[in-house]
Every structure is written in structure tokens, then in C-alpha cells.
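Working through the structure, step by step
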Amino acid sequence: MMRRLVVFLATACLCLSLSAADLQTGYFSRDYTFSYKLNPAFNPGYRFVAPPLIGLTSASYQSDLGLGNLLYPRNGELVTFLHPDITAEEFLKPLNKKFNRISVDASTNIFAIGIKSGRLYNTIDVSLRASVDASVPYDMFRFLKTGTAETNTYDLSGLRVQASSFVECGFGSSFKTGDLTIGTRLKGLIGLADFNASLDRMKVRFDGQQWSVSAVGNLTAAYDGIKVKTTDSMAGHYPDIIDFGSSKYSFKLGVSGVGVAADFGLKYEHEGLELSASLSDIGVMWWFNNVRGYTNNSWTFEGREDIPVNGDGGSIGDEIAETYDELIEVFQFRKKSSRDEFRMLSFTTRLGARYRLAAPLSVGLMGSYRYSPVISVIEGRASLDYNPFRFLEIIGSCGMGTYGLSAGAMLNVRVPWVTLTLGADNLMVSKFSPQGIPIDKFNGCFTVGLAVRW
């Protein structure tokens, strides 16, 4: 049972598809309608209106893991990493030896308009944003695969999951004076849902006769559509465990939080050289938590002295299945009274430089840093911008950062009254199993934009 639970949770995290995605390659474009989202000092130089929903949609996925780290082709079938034919070395070698991270982001515009008036450029937009960040310690995977074959002590501290969704209402303005453009963007936020769970400390040790477990963690959630129920813990230790399985759920677009945020940007242009800097999403959210829980437990329970790694004797998955009721309490949270919570938003800073080589060609460099309480990401990116005609712009980029090497591309097409944007920050093709499942890591951001311009 535990084996199924672990594989399900890991696969579910990899398949999440929503969170605030920004097309990094778009930072180098002169004709990207929504460039003000990357730096409020940027603007396309023309008036525009973005149609509802189809105006701009972006989605990104970044991770140290791919489905190929969890599922393996064997004899024409897919098996999990716990299968006896999958060795510990084959499974563990590709993993990050500290934390394996998953970050999923997406956004879609509900409405956007840009208005140019002299040296002033203003934008008004409403968008829906969502994000999911997760961090899984390496010892969690090692524990599940090897048991006591390699060590009898595991540190599973730092397991974290954070997810949120909200509506963003923004007003931006940029002002050009000489070679310098200054931009700001103020945003009001309406929280729809939030979930935050962490195991700040978790130690597991086997002394040859008993397992000893200690865990300290917290859980909060803000969503009007859930009515939480409690139950006894599976091993009978506590009577007030949050029971998400029997809790009542309903689809409600109520207000679960409110917040404010701001973006700041600068752009300096002189004789073909452009220097820029931006700071995005500096702000806080006030979440109306209606679910709060905690775990602060230490206990021991019996276990077998020798747990085989593979073979007919089973694996750690079999051992965990036998002591499921005891061990699963590590992942159970006791209910606490509701309390509102202020939380800082994840923010992003960017520094860029661009130089026009000749009439149709430009090159660019950009460094970015995204801070999150769960995952922080750093990346450097270089670009080549080819603008052979007024109606066509083609950009290629390559980047290196926290998640390794990436390659991106962007296409801007102008036709009378309309601008179409297609872009991606990672075009590297993954290997696929015979069942059509991506085997390698699959990181990238994909964007589609459409605007009526005049």
C-alpha cells in the first residue's frame, strides 16, 4: 500500500500543470506585446488590446526529475523504481544528492490593454496565476529503495510543498526621459486557494531491532470550498488527525486571501546599446487560512533487522507496507485552530544587456534570479534576435542555470491590426518510452500571445 502511495504522489507532482510563467526569451524582443510583464520599463511602442483568455497564456515546468526517474521500461512494460530489476545505483545516480525540486507555473490573461501617450506608456491588465513548488530530499528516495542495506539513519528534513492561485489586477506606467526609461507596475491580488506543507525536521533510524522516528512539520490551507473533518490516527496515537479523504469539497471561487505587489524596472539606451534591470512581484499575501495542522512527534516501532534491497525477499516497500500504520503518521497532521497568515511572495530580479550589431541583428545577455521559500532558481541566458522585415521577428536563445542547459526560441508575426507571439524557453526533445512517456528531464516554458494593435 505504501509503495502505491509513494509512486502516486511522486507522479502526481510531476503531472501538475499550473503556476506564473514568464517567457525568458521574450526579454530580448523589441516587439513583444507583453514585455512589460518582464520589465515595466519595456513596452512594445504601440497601443493594443488583448482578447480575453487567448490574449496571453504561459505554462512552465522545471524539475530535477523526469518520469524516467520513476518509471522504467522493462520487457515492453513500464515498472516503478521499486521493481527488483531496477538497481539502487541505476535509480539513485541521476538524482540530485540534496533536494529534488519541482516547480510548475502558469498564467492566462483575462484582459489587457496598452495605451501610448507621448513619452508615457500605460498598461492595465487582469490575469489568473497559479504556482506549485515542491522539494523532496534525496534521502527520501534512498530510504524507499535501499532500506538498511546502505545505512540505518536517514534525514528526510526539508520535504516541502507550496501551491497557490490568485487573480492579479495590474496597472503599469513607464516614462522616457532622454536615454532612460523608468517603469513601475502596481498590482492588487485576490487569493483563490493556497496550500503549504513542510516537514522541517524528520529523522528515521533503525538500531537493528526498532525503528525510531521524529518529525516536526506544519500545514496550512486557505480555500472556502473545503470543510475539514478529523479522525483517529492510523496507529491510534491521536484523535484529531486531519482527514482529507472524508473532508467535504465544493467548487467555490471565493476570496481566500488578498495582497499587494509591485514591479520596478529601468532601461537605458545609447547608440545601439541597451542596459536594463527589473524587480518583479515584491509584495505580500494575506491568506485566510481555514485549515491548519502540525506534527511534532517521536516514537519507535518494531522492524525487521535486515531489509533486502532487491530479489525475492522484497524491498523496503514491502517492509514499509508491513508497518504502514506506524510510519504513515509521519505524514499526518493534527488539526490546529484557524488563523490568518501574512506571507511574502516569490520574487524575480533580472539584469540584461542588448546590442544591435546591424540593422536586422541584435545580441543579448540576461541573468535572472527567482526566489521562493521552497525553490530558488538562477539562470544566465544569451540570445540572437533576427528582424529581417517589419512584420517578422525571430529570436533564438540558450541558457544555463539551476536546472541545467536549455534552448529557447520566439516568433513574433505582425499582420494588419494583429500581433501573434509563439515562444518556448526549452526546445530540447526528451526521449520517449514505447508507451509515449517522456523519459528524460523535461523543462521548459511555453507561451502563446495574441493582441489587436493600432
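Everything numeric in this text was worked out from a predicted model, so none of it was measured.

Criteria and cut-off values
Residues numbered from 1 in each chain as written. Predicted model: local features only at pLDDT ≥ 70, side-chain atom pairs only at ≥ 80, totals over all residues. Heavy atoms only, no water. Helix = DSSP H or I, 4+ residues; strand = E, 2+ residues; numbered from the N terminus. Buried < 20%, exposed > 50% of the residue type's maximum accessible area, 1.4 Å probe, protein only. Areas by Shrake-Rupley, 256 points an atom, 1.4 Å probe, with all protein chains shown as cover. Patch = residues over 30% accessible without salt bridge, like charges linked within 9 Å, V, L, I, M, F, W, Y side chains within 5 Å. Salt bridge = Lys/Arg side-chain N within 4 Å of Asp/Glu carboxyl O. Polar contact = N/O pair within 3.5 Å; in protein donor to acceptor, adjacent residues only side chain to side chain. Contact = heavy atoms within 4.5 Å. Pairing = 2+ DSSP bridges. pLDDT = per-residue confidence, 0-100. Core = buried A, V, L, I, M, F, W, Y, C linked by side-chain atoms within 4.5 Å.

**Describing the overall build of the chain**
Helices and strands together make up the secondary structure of the chain, namely 5 helices and 24 strands. Residue burial in the chain is summarised as follows: out of 454 residues, 50% are buried. For the chain, the exposed surface amounts to about 20500 Å²; the carbon and sulfur share of it is 63%.

**Structural notes on a nonpolar patch on the surface**
A cluster of nonpolar side chains, namely L180, I182, L266, Y268, L273, L275, Y355, L357, V363 and L384, defines an oily patch on the protein surface of about 810 Å² accessible area. When contributions to the nonpolar patch are tallied by element, the ones reaching two or more residues are β9 (180-206), β13 (257-270) and β14 (273-287). Among the secondary structure elements, L180 is positioned in strand β9.

**Thoughts on the side chain of N100**
With respect to the helices and strands, N100 occurs in strand β5 (residues 99-117). By relative accessible area, N100 is classed as buried at 0%. Side-chain polar atoms of N100 contact the backbone nitrogen of N96, separated by 3.0 Å. Not counting residues within four places of it along the chain, the set of residues in contact with N100 comprises D64, L65, L95, A134, S135, V136, Y138 and F141.

**Some points on the pattern of salt bridges**
Close approach of charged atoms allows side chains with opposite charge to pair. For the coordinates displayed, the defined rule picks out 24 salt bridges. Notably, a salt bridge pairs D22 with R350, separated by 3.5 Å at the nearest N-O pair. Residue D22 is located in the loop between α1 (2-15) and β1 (48-50), and its partner R350 is located in strand β18 (residues 347-356); the two are separated by 328 residues in the primary sequence. Among the ionic pairs, K176 bridges to E269, the shortest N-O distance being 3.7 Å. Separated by 93 residues along the polypeptide, K176 in strand β8 (residues 159-177) and E269 in strand β13 bring together distant segments of the chain. Connected through salt bridges with shared partners, the residues K37, D125, R129, E168, R185, K187, D263 and D281 form a single ionic network.

**Digging into the pairing of strand β19 (residues 361-371)**
Residues S362, G364, M366, S368 and R370 of β19 are buried on one face, while the alternating residues L361, V363, L365, G367, Y369 and Y371, pointing to the opposite face, are not. For β18 and β19, the ladder comprises 10 bridges, and the chain directions are antiparallel. Its bridge partner being in β19, F347 is matched across the sheet by Y371. What sits between β18 and β19 in their antiparallel hairpin is a turn of 4 residues.

**Quick notes on the pairing of strand β22 (residues 404-415)**
As paired strands, strand β21 (residues 392-401) and β22 are joined by 10 bridges and run antiparallel to one another. Directly across from M400, in β22, lies its bridge partner L405. In this antiparallel pair of consecutive strands, β21 and β22, the connection spans 2 residues. One ladder, built from 7 bridges, connects β22 with strand β23 (residues 418-424); its direction is antiparallel.

**Some details on the confidence of the model for the chain**
Residues at a pLDDT of 70 or more form 84% of the chain, whose mean pLDDT is 81. The low-confidence segment residues 304-317, where pLDDT is below 50, has 41 contacts with residues more than four positions distant or belonging to other chains.

**Here we look at the environment of Q24**
With respect to the secondary-structure elements, Q24 resides in the loop between α1 and β1. Taking C-alpha positions, Q24 is 8.4 Å from C445, a pair spaced 421 residues apart along the chain. Each residue touching Q24, except ones within four places of it in the same chain, is listed here: R350, M366, S368, E379, R381 and D425.

**Some points on unusual backbone geometry**
Leaving glycine aside, a negative phi is the common case for residues, and trans is the common case for peptide bonds. Positive phi, normally seen in glycine, also occurs at E271, with a value near 50°. Inspection of the secondary structure puts E271 in the loop between β13 and β14.

**Brief notes about helix α3 (residues 138-146)**
Where burial is concerned, most of α3 is hidden: 9 out of the 9 residues are buried. Within the span of α3, buried status applies to Y138, D139, M140, F141, R142, F143, L144, K145 and T146.

**Overview of the nonpolar core**
Of all hydrophobic cores here, the largest spans 33 residues; its most connected members are F81, F91, L92, L95, F141, L156 and V204. Mapped onto this core, the elements with two or more residues apiece are β3 (71-74), α2 (88-92), β5, β6 (120-137), α3, β8, β9 and β10 (210-222). Residue contributions to this core peak at 5 residues, all from α3. In this structure, F28, L56, I395 and M410 belong to the second largest nonpolar core, which totals 18 residues.

**Section: the environment of G283**
Its location among the elements puts G283 in strand β14. Taking the relative accessible area as the measure of exposure, G283 reaches 15% and is therefore buried. For G283 and A262, which are 21 residues apart along the polypeptide, the C-alpha to C-alpha distance reads 6.4 Å. Discounting chain neighbours no more than four positions away, the residues touching G283 are V260, A261, M344 and L345.

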